[in-house]
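# Chains, contacts and geometry: an overview
Residues per chain, in single letters:
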Amino acid sequence: MWEFWLEHIIQPLFVTDYQPESVAEQWEFVITVFVFSAIALIVPTLLALKIEVKRQSTLDSLKKLQNKTVTLLDERTVELASVRQRLAGEEYKRLAAKGVNGTTNISMQSLIDSISDSIMVIDQNYQVRMLNKAARAIHLNGLYPSETMSCHKLSHNEDIPCTGPEHECPFSIVMETGKSCTVLHHHFDSNGVNVPFEILASPIFDEKG
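Residues numbered from 1 in each chain as written. Predicted model: local features only at pLDDT ≥ 70, side-chain atom pairs only at ≥ 80, totals over all residues. Heavy atoms only, no water.

In terms of regular secondary structure, the chain is built from six helices and four strands. Taken from N to C terminus, the helices and strands of the chain fall in the order α-α-α-β-β-α-α-α-β-β. Buried positions account for 16% of the 209 residues belonging to the chain. Taking the contacts inside the chain whose residues are at least 6 apart along the sequence as the reference set, 32% of them involve residues at least 24 apart. When the accessible area of the chain is evaluated, it comes to approximately 16600 Å², of which 61% is carbon and sulfur surface. (Helix = DSSP H or I, 4+ residues; strand = E, 2+ residues; numbered from the N terminus. Buried < 20%, exposed > 50% of the residue type's maximum accessible area, 1.4 Å probe, protein only. Contact = heavy atoms within 4.5 Å. Areas by Shrake-Rupley, 256 points an atom, 1.4 Å probe, with all protein chains shown as cover.)

What follows deals with empty space enclosed by the protein. Enumeration according to the criterion identifies one cavity of 30 Å³ or more in this entry. Here the largest cavity is characterised by a volume of approximately 30 Å³. Taken together, Val-128, Leu-131, Leu-140, Pro-145, Met-149 and Leu-154 form the lining of the largest cavity. (1 Å grid on protein atoms, 1.4 Å probe; cavity = no way out; pocket = protein on both sides within 12 Å on 5 of 7 lines; lining within 4 Å. Points joined across faces, edges and corners; volume = space filled by probe spheres on them.)

To continue, consider the side chain of Asp-189. Relative to the helices and strands, Asp-189 resides in the loop between β3 (181-188) and β4 (194-201). Buried within the structure, Asp-189 lacks any salt-bridge partner; Lys-153 is the closest side chain of opposite charge, at an N-O distance of 15 Å. At 2.9 Å, the side chain of Asp-189 and the backbone nitrogen of Asn-191 are in polar contact. If we skip the residues at most four places from it in the chain, Asp-189 touches Ile-138, His-139 and Val-195. (Lys, Arg positive; Asp, Glu negative; His and termini not counted. Salt bridge = Lys/Arg side-chain N within 4 Å of Asp/Glu carboxyl O. Polar contact = N/O pair within 3.5 Å; in protein donor to acceptor, adjacent residues only side chain to side chain.)

This part is about the packing of aromatic side chains. Scanning the entire structure with this criterion turns up one aromatic pair. Aromatic side chains Tyr-126 and Phe-171 sit 4.7 Å apart centroid to centroid with 50° between the ring planes, which places their arrangement in the tilted category. Taken together, the positions of Tyr-126 in the loop between β1 (120-122) and β2 (128-131) and Phe-171 in helix α6 (residues 170-177) put the pair 45 residues apart, joining distant regions of the chain. Note that Arg-136 overlies the ring of Tyr-144, its terminal NZ or CZ placed 4.0 Å from the centroid. (Phe/Tyr/Trp six-rings, centres within 6.5 Å; stacked < 30°, edge-to-face > 60°. Lys NZ or Arg CZ within 6 Å of the ring centre and 35° of its normal.)

Another aspect to go through is the pattern of salt bridges. Side chains that differ in charge, positive against negative, can pair when their charged atoms come close. The full count for this structure, using the stated rule, is three salt bridges. Here Arg-129 ties to Asp-123 by a salt bridge, and the two come within 2.7 Å at their closest N and O atoms. Here Arg-129 falls in the exposed class, since its relative accessible area comes to 54%. Residue Asp-123 is classed as buried on the basis of its relative accessible area of 17%. Put simply, Lys-153 and Asp-159 hold a salt bridge, and the shortest N to O gap is 3.4 Å.

Considering only enclosed or pocket space, the second largest pocket measures out at about 160 Å³ in volume. In terms of lining, the second largest pocket is formed by His-156, Glu-158, Ile-160, Pro-161, Cys-162, Thr-163, His-167, His-186, Phe-188 and Asn-194. Here the residues of the lining of the second largest pocket are counted per class, giving four nonpolar, five polar and one charged. (Nonpolar A, V, L, I, M, F, W, Y, C, P; charged D, E, K, R; others polar.)

Here His-139 lies in helix α4 (residues 133-139). Taking the C-alpha atoms as reference, His-139 lies 9.0 Å from Gly-192; in sequence the two are 53 residues apart. Not counting chain neighbours up to four residues away, the residues in contact with His-139 comprise Met-120, Leu-154, Ser-155, His-187, Phe-188, Asp-189 and Ser-190.

A separate point is α6. All of the buried residues along α6 are Pro-170, Phe-171, Ile-173 and Val-174. On an axial view of α6, the arc spanned by its buried residues comes to 160°, and they lie on one face. Taken together, the buried residues of α6 touch β1, β3 and β4. Following α6 by one or two positions, Gly-178 has its phi on the positive side, about 70°. (Arc of directions from axis to C-beta.)

Below you can see the structure in the form of structure tokens.
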């Protein structure tokens, strides 16, 4: 029914009585149709290209910002590790200057318990000889170990030392080079949660070196 009522309005919009009279007019009509068709294709294409260029520019800016952020974080990590090591050394020297040793009222355990970072003292057989308060809170719910444990058993719940590029053993590096090193590891806490750690390992020399 609506077609009957609207036919006399809609039909003139789509039906034309134009009939080219000559070849020139026919070509002019074809060229006009071609030009309008080309415009209809080119304009959306140009807009799409402009949007893509803008999107790529935004992605490049984000990538540069991300790289800059990673670089700043790496620099900050190295700086913090250096500061922690220096402060620990200064604290040890300060107490040593006061005559603090194993025979005084302040023990080595009390000394390392006063440091907020997790600290483990490990012997040449990978056995943990001493844990500070922070390390006990992370791995043992604040308790002292009931038996001697290896560092890899305590941190990774593994029976063998760390290997491979993902968990390069800092203890082995220190034993081979005699120098401090820093590595990134994932350790299990007392709840079994895998937690990322930055490990700063340093050798302790006796009077014989």
